[in-house]
Amino acid sequence: MNELTRKVDASFSPKSSPRGSRSPMANQMLSRNDSTGTLKMTISAGKHPAVVHSGPFYLMKDPATENELTGANNLMAHFNLEHSYNKFTGKKVRDSLSSFLPTLPGIIDTPAHLTNSSLRSLIEKPPVFKEFTLLNQHQLAAFRLHPGPLPEQYRFMNQPLGQRRHRRHRKHKYRPGETPTQDGSGDGTDMHEKKHKKKKNDDDKERKKKKKEKKKKKQKHSPEHPGLSSSDPSRVGL
Amino acid sequence: MSSSLDQLENQLETFIENVRQIGIFVSDFQPQGQQVLNQKLQNLITNMQDIDKLRNAVQEVHVPLEVFEYIDGGRNPQLYTKDCMEKALTKNEQVNGRIDAYKRFKAMLLVELSHVFPNEMTRYRAVREELS
């Protein structure tokens, strides 16, 4: 195995530069008539003509011209896009299309391929038409409708504009004087308040119950209601 | 350009409003409303004609095709802008790091070469200064 690799190595041993006569050493060997030292390029003709700057060092090229604007700069700041960047990354962008176009009627959040109404298909297969012309009487006859309401599933057009927005407003309702927070801490206080209110309601109920019981006891012992037992709910109500 | 875009936006809004009204109108259609419906349909065509007239004014507006994927998927197209900006920032940082690494590599290479080939490097520096 070792022998084999050695053989292979030996066979691949470069005896001359792969670039051939482009090497400055090879140039010296060829003894060009360049005593002045000004010739710093090799012009190769043939199938792929090229000018190779050889210079005093092998493979030395002119330094690359530096662009004024490179990745070393903060490009976001350079193009004044920091504000936009902060705007999009600072707050959570809602995922649905309806949140971007809240005034658009109908259900627009469903994937377009389900309804065969994608914008991509419009680009891939553009509709063929000459121009828009007003409909004549015959064409309008095709739009003669039957009176009566539409079936329920086709009535999404009846949704009032901005209904979704209203719902959202209700969700993020906050008291005057309070500032809405993005991390949802405002919702937390609301929840706390709701719990508190619930507790208050429960207390009120208990108090009312106790009052009722007291009343019943009084009625029980009063001479006006002699044999009314509290275990008979149908009669208590009366 | 912005005025033509505003115009287009207004025209589209008018068109959408017209469609919405037709939607409401036909959802509970009354027999005497046929004439009104016909008029609204003709208005719709006029709206489309107006939109078509603005076509040449917005020829210069280029929209990335990827945005359509977001819209077709029922997603907010602003997410595309957000993703693009995040990607651009990441790429900017990556390239910045690469440039920095190459600069350091060049400096280290020059130092090491100067140790090993002091004469050649002196000559090299002289040539470089000549060129620059």
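Please read all numbers here as calculations on a predicted model, not as lab measurements.

A. Representation of the overall build of chain A in the model. Counting secondary structure elements, chain A contains 11 helices and 3 strands. Counting helices and strands in the order they occur from the N terminus, chain A gives α-α-β-β-α-α-α-α-α-α-β-α-α-α. Across the 238 residues of chain A, 11% fall into the buried class. Put simply, 31% of the contacts in chain A that link residues at least 6 apart link residues at least 24 apart. Of the accessible surface of chain A, which amounts to about 21,300 Å², a share of 56% is contributed by carbon and sulfur atoms.

B. Structural detail: the overall build of chain B. Helices and strands together make up the secondary structure of chain B, namely 5 helices and 1 strand. Start at the N end of chain B and walk to the C end: the helices and strands fall as α-β-α-α-α-α. The 132 residues of chain B split such that 27% are buried. Approximately 9,000 Å² of chain B is accessible, and the part contributed by carbon and sulfur atoms is 56%.

C. Representation of the nonpolar core. Counting 10 residues, the largest nonpolar core consists of Met 76, Tyr 85, Phe 88 and Val 93 of chain A together with Val 67, Tyr 70, Leu 79, Tyr 80, Met 85 and Leu 89 of chain B. Of all the elements, helix 4 (residues 78-116) of chain B adds the most residues to this core, at 4 residues. The residues contacting Met 85 of chain B, other than those within four sequence positions of it, are Met 76, Leu 81, Ser 84, Tyr 85 and Phe 88 of chain A.

D. Just unusual backbone geometry, in detail. Residues and elements named next belong to chain A. With a phi close to 55 degrees, Asn 80 is a non-glycine residue in the positive phi region. With respect to the helices and strands, Asn 80 occurs in the loop between helix 3 (75-78) and helix 4 (82-90). The backbone of Asn 116 shows a phi angle near 60 degrees, a positive value even though the residue is not glycine. Structurally, Asn 116 is set in the loop between helix 6 (112-115) and helix 7 (119-124). Look at Asn 116 and you get exposed, because its relative accessible area is 73%.

E. Looking closely at the pattern of salt bridges. Taken as a whole and assessed by the stated rule, the structure comprises 7 salt bridges over all chains. The shortest N-O distance in the salt bridge between Asp 52 of chain B and Arg 55 of chain B comes to 3.1 Å.

F. Structural view of the packing of helix 4 of chain A against helix 4 of chain B. It is the contact of helix 4 of chain A with helix 4 of chain B, at a shortest axis distance of 10 Å, that shows an interaxial angle of 115 degrees. The handedness of the crossing between helix 4 of chain A and helix 4 of chain B comes out as left-handed. Of the residues in helix 4 of chain B, those touching helix 4 of chain A at Ser 84, Tyr 85, Phe 88 and Thr 89 of chain A are Gln 78, Thr 81, Lys 82, Met 85, Glu 86 and Leu 89 of chain B. By residue class, the composition of the contact of helix 4 of chain A with helix 4 of chain B is 4 nonpolar, 4 polar and 2 charged.

G. Quick look at helix 4 of chain B. When the terminal C-alpha atoms of helix 4 of chain B are compared, their 57 Å separation across 39 residues agrees well with the 57 Å that a helix rising 1.5 Å per residue should span. All buried positions along helix 4 of chain B are accounted for by Leu 79, Tyr 80, Lys 82, Met 85, Leu 89, Asn 92 and Ser 114 of chain B.

H. Structural detail: helix 1 (residues 2-27) of chain B. Taking 1.5 Å per residue, 26 residues should reach 38 Å; helix 1 of chain B reaches 37 Å between its end C-alpha atoms and fits that length. As for helix 1 of chain B, its buried residues are in contact with strand 3 (148-149) of chain A together with strand 1 (28-29) and helix 2 (34-53) of chain B.

I. Looking closely at the confidence of the model for chain A. Residue and element names in this part refer to chain A. Residue-level pLDDT values for chain A average 65, and 46% of them are 70 or greater. Taken element by element, chain A is modelled with least confidence in helix 11 (residues 233-236), mean pLDDT 36, and with most confidence in helix 3, mean pLDDT 94. A low-confidence stretch, residues 164-197 (pLDDT under 50), is modelled with 19 contacts involving residues beyond four sequence positions or located in other chains.

J. Highlighting the packing of aromatic side chains. Throughout the structure, instances matching the rule amount to 2 aromatic pairs over all chains. Pairing Phe 25 of chain B with Phe 29 of chain B gives two aromatic rings, centres 6.2 Å apart and planes at 75 degrees, and the pair type is edge-to-face. Centroid distance Tyr 70 of chain B to Tyr 80 of chain B: 5.6 Å. Interplanar angle 70 degrees. Geometry classified as edge-to-face. Of this pair, Tyr 70 of chain B sits in helix 3 (residues 65-72) while Tyr 80 of chain B sits in helix 4; the two residues are 10 residues apart in sequence, bridging distant segments of the chain. The positively charged end of Lys 87 of chain A is found above the aromatic ring belonging to Phe 88 of chain A, 5.3 Å away from the centroid.

K. Local environment of the interface of chain A and chain B. Taken together, the contact between chain A and chain B spans 52 residues of the former and 48 residues of the latter. With both sides pooled, the region where chain A packs onto chain B buries about 4,600 Å², and carbon together with sulfur makes up 67% of that total. It is Phe 57, Phe 88 and Phe 132 of chain A that lose the most area in chain A upon contact with chain B, and together they represent 14% of the buried surface on that side. Connecting chain A to chain B are 2 salt bridges. Of the charged contacts, one joins Arg 75 of chain B and Asp 95 of chain A as a salt bridge, the two residues approaching to 3.9 Å between their closest N and O atoms.

Calculation rules
Residues numbered from 1 in each chain as written. Chains lettered and ligands numbered in written order. Predicted model: local features only at pLDDT ≥ 70, side-chain atom pairs only at ≥ 80, totals over all residues. Heavy atoms only, no water. Helix = DSSP H or I, 4+ residues; strand = E, 2+ residues; numbered from the N terminus. Buried < 20%, exposed > 50% of the residue type's maximum accessible area, 1.4 Å probe, protein only. Contact = heavy atoms within 4.5 Å. Areas by Shrake-Rupley, 256 points an atom, 1.4 Å probe, with all protein chains shown as cover. Core = buried A, V, L, I, M, F, W, Y, C linked by side-chain atoms within 4.5 Å. Salt bridge = Lys/Arg side-chain N within 4 Å of Asp/Glu carboxyl O. Axes fitted to C-alpha atoms, helices over the stretch in contact; angles between N-to-C directions. Left-handed = near helix turned anticlockwise from the far one by under 90°. Nonpolar A, V, L, I, M, F, W, Y, C, P; charged D, E, K, R; others polar. Expected span 1.5 Å × (residues − 1). pLDDT = per-residue confidence, 0-100. Phe/Tyr/Trp six-rings, centres within 6.5 Å; stacked < 30°, edge-to-face > 60°. Lys NZ or Arg CZ within 6 Å of the ring centre and 35° of its normal. Buried area = accessible area lost by both parts, 1.4 Å probe.

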